[in-house]
Amino acid sequence: MSDIRDDVVAGFEETFGRASEGVWSAPGRVNLIGEHTDYNLGFVLPFAINRRTVVALGLRDDGVLRVASEFADEVAEISIAELAPERLHGWSAYPLGVAWALGQFGADLAGVPGADLYIASTVPVGAGLSSSAAIESAVAVALNDVWQLGFDRQTLARVGQLAENKAVGAPTGIMDQSASLLGREDHAVFLDCRSLESSLVPLGFAEAGLELLIIDTGVSHSHATGGYAARRASCEQGARILEVDSLRDLTVDDLPRARNLLDDETFRRVRHVVTENQRVLDTVIALRESGPLAIGELLDASHISMRDDFEISVPELDLAVETAQANGAIGARMTGGGFGGAAIALVPSEGISRIQVAVDGAFAEHGFAQPTMFTVTAASGAARD
Ligand code: ADP
Ligand code: MG
């Protein structure tokens, strides 16, 4: 962490020719359980990870915003008065979109000074660990501080979501920003996506001798847009036929009726969401009452539900999960929206290298590209450093 903080301070000076005034950071996140439940207004259980996006900032007196990133060539520039979603493009739509969204939530953008921002990150981009929420949340806390806006964390999460929905154009839920802003070391964020109420749940991985291994298959989920939209449409159709506002209003007791009323495919989509919500609730209880060794079967069941009922897994994810399970993982599942991306495996610390070797071997045997594997821990949310 100290390296990357030094990087942004140096990058800021090199890019803008002066010293920065402060450094803020926000983490990426991994979703422990609760997939495709957010837009059905159900439950999710992500945690902030020990990979962060860091922003160095210096104020300007001319009402101009300039943003630079370690991984981009150009410096993007716009005057605050001209901020509008249709004027924002490329990677800078994330940070500049946040500035615009703060105005949408009531910040008086006519009265705030301009700023230069320099951004660097250790969150891998596109691996399903939400580098997008990390950059949004880091910029949101930075501007909230220096512009003295006084927004709370829940509001800043909605600011980040609005930026991503309207300035970037990605129809994502509130989970990622909530984890990045509300996370705490060694805790998961239990979020009710209808009320937006959240609470922290102790993970206790280290005490139980466990670690969370990310297995990034490298399979791009960029082609997933159609699949994601189709799943959302199925959920909406199921809710309409079953005459509920959202699938959140159903429990496992409603499934026999759902089976009678829905076609087989829609029924399986609904069953995934309903049982996944229950698994999130069960995971929270298990963590609170028994600790992380008790959640393995729930993670495994979540994967089977996504593979068979929601049909969003791919062979690489199934292989990663099955190989981890066969080689000592407590539990494993694909994580994220599906059609690619990463799997997670909860593994005994001393068994990590065995699982990594086994997964590498299995991928080679199947002719799949080598996956990237690393462990993550639950870290604190966005903050001034
Ligand atoms: P992820 O799963 O990592 O969130 P997304 O496609 O949602 O993937 O977001 C990745 C995009 O966010 C990048 O393509 C880039 O536009 C932007 N982004 C993320 N981190 C940074 C960064 N450090 N600097 C500049 N842009 C970033
Ligand atoms: Mg993202």
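Residues numbered from 1 in each chain as written. Chains lettered and ligands numbered in written order. Predicted model: local features only at pLDDT ≥ 70, side-chain atom pairs only at ≥ 80, totals over all residues. Heavy atoms only, no water.

### Some words on the domain arrangement of the chain
Next up, step 1: Domains assigned within the chain are domain 1 (2-201) and domain 2 (204-376).
Next up, step 2: Centre-to-centre separation of domain 1 and domain 2, based on C-alpha positions: 27 Å.
Next up, step 3: Across the contact, 32 residues belong to domain 1 and 42 residues belong to domain 2.
Next up, step 4: Taken over both partners, the interface formed by domain 1 and domain 2 buries close to 3,100 Å², and the fraction arising from carbon and sulfur atoms is 62%.
Next up, step 5: Inspection of the region where domain 1 meets domain 2 yields three salt bridges.
Next up, step 6: For Asp 249, the salt bridge identified is with Arg 194, shortest N-O distance 2.8 Å. (Domains from an automatic or database assignment. Contact = heavy atoms within 4.5 Å. Buried area = accessible area lost by both parts, 1.4 Å probe. Salt bridge = Lys/Arg side-chain N within 4 Å of Asp/Glu carboxyl O.)

### Quick notes on helix α4 (residues 153-168)
Next up, step 1: End to end, α4 covers 21 Å across 16 residues, agreeing with the expected 22 Å (1.5 Å per residue, within 8%).
Next up, step 2: Gly 169, located one to two residues past α4, shows a positive phi value of around 90 degrees. (Helix = DSSP H or I, 4+ residues; strand = E, 2+ residues; numbered from the N terminus. Expected span 1.5 Å × (residues − 1).)

### Things to note about unusual backbone geometry
Next up, step 1: Positive phi, normally seen in glycine, also occurs at His 36, with a value near 60 degrees.
Next up, step 2: Summarising the element assignment, His 36 is placed in the loop between β1 (22-33) and β2 (43-60).
Next up, step 3: A positive phi angle is found at Leu 41, which is not glycine, with a value near 60 degrees.
Next up, step 4: Assignment of secondary structure puts Leu 41 in the loop between β1 and β2.
Next up, step 5: With relative accessibility at 32%, the residue Leu 41 sits in the partly exposed group. (Buried < 20%, exposed > 50% of the residue type's maximum accessible area, 1.4 Å probe, protein only.)

### Considerations on the site of ligand 1
Next up, step 1: With respect to spatial proximity, 14 residues lie near ligand 1, and among them Ser 69, Gly 126, Ser 130, Ser 131 and Ser 132 are the closest.
Next up, step 2: Ser 132 places a polar side-chain atom, nitrogen or oxygen, 2.9 Å from an oxygen atom of ligand 1.
Next up, step 3: Summarising the interface, the protein chains cover 81% of the accessible area of ligand 1, which totals 570 Å² for the free molecule.
Next up, step 4: Elements with a contribution of two residues or more to the shell around ligand 1: β5 (114-121) and α3 (131-146).
Next up, step 5: Among the elements that line the shell around ligand 1, the one with the most residues is α3, at three residues.
Next up, step 6: For the shell around ligand 1, the residue count by class is seven nonpolar, seven polar and no charged. (Near = heavy atom within 4 Å. Polar contact = N/O pair within 3.5 Å; in protein donor to acceptor, adjacent residues only side chain to side chain. Areas by Shrake-Rupley, 256 points an atom, 1.4 Å probe, with all protein chains shown as cover. Nonpolar A, V, L, I, M, F, W, Y, C, P; charged D, E, K, R; others polar.)

### Brief notes about a negative patch on the surface
Next up, step 1: A cluster of like negative charges, contributed by Asp 3, Asp 6, Asp 7 and Glu 70, occupies part of the molecular surface.
Next up, step 2: By the element assignment, Asp 6 lies in helix α1 (residues 2-16). (Patch = residues over 30% accessible without salt bridge, like charges linked within 9 Å, V, L, I, M, F, W, Y side chains within 5 Å. Lys, Arg positive; Asp, Glu negative; His and termini not counted. Charge placed at Lys NZ, Arg CZ, Asp CG, Glu CD.)

### Brief notes about the pattern of salt bridges
Next up, step 1: Scanning the model with the defined rule gives 20 salt bridges in all.
Next up, step 2: In this structure, the salt-bridge partner of Arg 269 is Glu 311, at a minimum N-O distance of 2.9 Å. With Arg 269 in helix α8 (residues 264-289) and Glu 311 in the loop between α9 (296-309) and α10 (315-326), this pair connects stretches of sequence that are 42 residues apart.
Next up, step 3: A relative accessible area of 4% means that Arg 269 is categorised as buried.

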